[in-house]
Amino acid sequence: MSSPERVNVAFMASEEDRLSQSGMAKGHRPAASLNLILPSPGHWGAPGRSQQHGQREAVATPLVPATPRRPWQLAYLERKGTPTSQIEQHKLEESLFQLLIEEKKEGEKNKKFVTDFKTLTDVLVQEVIKHDIGKKFPGLEKNIDGEESNEFTNELGEKVIVKVCPTEQETAVLLSVVLDGNEAASRALAKVVHQDIAFEDPALDKVDVDIPQSIMGIWVDPIDSTYQYIKGLSDVKPHHGIFPTGLQCVTILIGVYDINTGLPLMGVVNQPFTTQDPNTLSWKGQCYWGISYLNANFHSLPQPTFPGTNDNKPNGDCPKMLGKGSGDMQTKVHRFSVVTSTGEAEEIRTALSDICKESLYFAAGAGYKSLCVILGLADVYIFSDDTTFKWDSCAPHAVLMSLGGGMVDWKTCVAKIRQGQNAQNLPQVLYNVEVEGATGADRWANKGGIVAYRSKKHLEDLLNLLVRKLTV
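Criteria and cut-off values
Residues numbered from 1 in each chain as written. Predicted model: local features only at pLDDT ≥ 70, side-chain atom pairs only at ≥ 80, totals over all residues. Heavy atoms only, no water. Pairing = 2+ DSSP bridges. Helix = DSSP H or I, 4+ residues; strand = E, 2+ residues; numbered from the N terminus. Axes fitted to C-alpha atoms, helices over the stretch in contact; angles between N-to-C directions. Contact = heavy atoms within 4.5 Å. Phe/Tyr/Trp six-rings, centres within 6.5 Å; stacked < 30°, edge-to-face > 60°. Buried < 20%, exposed > 50% of the residue type's maximum accessible area, 1.4 Å probe, protein only. Lys NZ or Arg CZ within 6 Å of the ring centre and 35° of its normal.

Student: Run through the sheet that holds strand 19 (residues 360-362), naming residues and quoting values.
Tutor: Read from one edge of the open sheet, five strands run 19-18-20-22-21, paired in mixed fashion. In this open sheet, the two strands that pair with only one neighbour each are strand 19 and strand 21 (406-409). Each strand axis lies, on average, 20° off the axis of its neighbour in the sheet, ignoring direction. Bridge count for strand 20 (residues 380-383) against strand 22 (residues 450-453) is four bridges, and the pairing is antiparallel. Paired with isoleucine 382 across the strands is valine 451, a residue of strand 22. Packing of helix 11 (residues 346-356) onto the sheet brings it into contact with strand 18 (338-340), strand 19 and strand 20, and relative to strand 19 it is tilted by some 135°.

In C-alpha cells, the structure reads:
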C-alpha cells in the first residue's frame, strides 16, 4: 500500500486511459471520458475495450459534435437508413463545432503554423486531467502544466476561465458562457466531465513501483495535432502503416517527469482515432503507457522485435540489412526507416532520403511521429526545428525510455558526432528547465530539435551516416 506522500504508478499511468473509456459498469471516481470530451467525427458508438498486451481499445461515444459531417457522409447515413433525428443532429454539428474553436493568441501560438487553434475540447481535457489528478493526489495539480491556456473568449467577447467546478450544474453554467448560451451542449459536456468511470488494466495491476509525489511534474498536451482534429480527415491512406495526415495523427499526451533531474518518469500516449468501422463509421482508439524509474521499466507494448533481425533487444543489430555483392564476401548495408515532418530543413530531408530511400516517411503531429517509433513503424523520428515543446515530447519520451530508447537533442547529436563522441551516451532531453531569454510558449520549446529512438545502436549508426552528409 502506498503512503499518502507517494504516488501509486498504476493510477498515474492509467489516468489518461481511464479518461479514454466511454463507460464501464462500476464507476468509483469522478472523471471524464476522453473519447467523450474528444469526440470522434459525429458518430455515437457503443463502448468497447481490449486488454491484449496491456493496450487499451475503446469505441468513441461522443456526446458533443466534433469535426462536422461531410456531405458524402450524410448521404451515406441516409442510404444506410440512419434515423432522421440522428441525421438532423449531424447537420447541427457545423455551427456548434465552430463555437469550440478559437485561434490562439500571440505568445500561445506555435510559430510553425500561420494560424494555430485551440478548441474547448483541448482546454476541457487539460482541466479534467488537472482536476482528477488533484483530487486523487492533493497538491499534485499545482505541478501540472500544459499547452493550452484555460482562458476562452466567446463570440460576445466575454473572457471565461474554463475549469471543472465542484458540481455538474456549476460546470454546465460556466460552459454555457463559452458556448454562447447553448445549454444543451453545455449540459452534455458537463455530464461527461463529472461522469464516474471505472478503470481496469491487468498489465497495470502487475506494476509495483511507487514514485514520490514530491518529485513529480506533469506535462499535458490535451490534443496534439489539433489541426488534424479540426480537419477531421478519415480516409487518408497509410504508407507502410504510417499516416501522413488525418485523424490517426491525433494523440493525447500525459508525461510525468522528475522535477529535480528533468528526466521523464511516466508517459501515456492515447491515439483515440486508430481504426474506423467502415459500416458504422465509429472509431476505436488505443492507449499506450510506459514507466521508467530508477532501474524499473514497465510498458504496455509487447517485447519489440526489430525488422530484419532475430533480436528482440533494443540494442540489437541494425534493421533491414540489405545484401551488396555476392558469395561469401557479401557485405551488409543498413537501410533505416525515419519519420519526420514535411517542414524539415531541405538539406536534412535530402540526406535522409539518400540514406533511407523509400523508408523516409512524413507525418503530422509530434506525438504521432514519436508513437510511430514506439510501435516500431520507424526506427527514428528526427525534427531539427525548435517548434516542438515539452508537452509534445515528455509522454512519448517516457514510453521510449521504458523500451530502452529515448529522446535526445538534435543539435547536440550533430555536435557530438562531429567531435567523434559515442552517440549512445548522448544526454536525454530534460523537462524542468526553461529556454533562457524566451517568452510565451517558446520558454518550453525543444530548442535544439529532437531525435526519438528505440535502439541506441540504430541511433548511433544512423547519425554517423547522416552527419557526414550535412554541411551545417
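Having seen it, we continue.
Student: Which residues make up the packing of aromatic side chains, and what are the values?
Tutor: Scanning the model with the defined rule gives seven aromatic pairs in all. Consider the rings of phenylalanine 273 and tryptophan 283, whose centres lie 5.6 Å apart with planes at 75°: the pair is edge-to-face. Residue phenylalanine 273 is found in strand 13 (residues 264-276), and its partner tryptophan 283 is found in strand 14 (residues 283-293); the two are separated by ten residues along the sequence. Assessed through its relative accessible area of 0%, phenylalanine 273 is described here as buried. On the basis of relative accessible area, tryptophan 283 is assigned to the buried category, the value being 0%. One aromatic cluster is present, formed by Trp219, Tyr257, Phe389, Trp391, Tyr431 and Trp444 through successive ring pairs. Between the NZ or CZ atom of lysine 390 and the centre of the ring of tyrosine 431, over which it lies, the distance is 5.5 Å.

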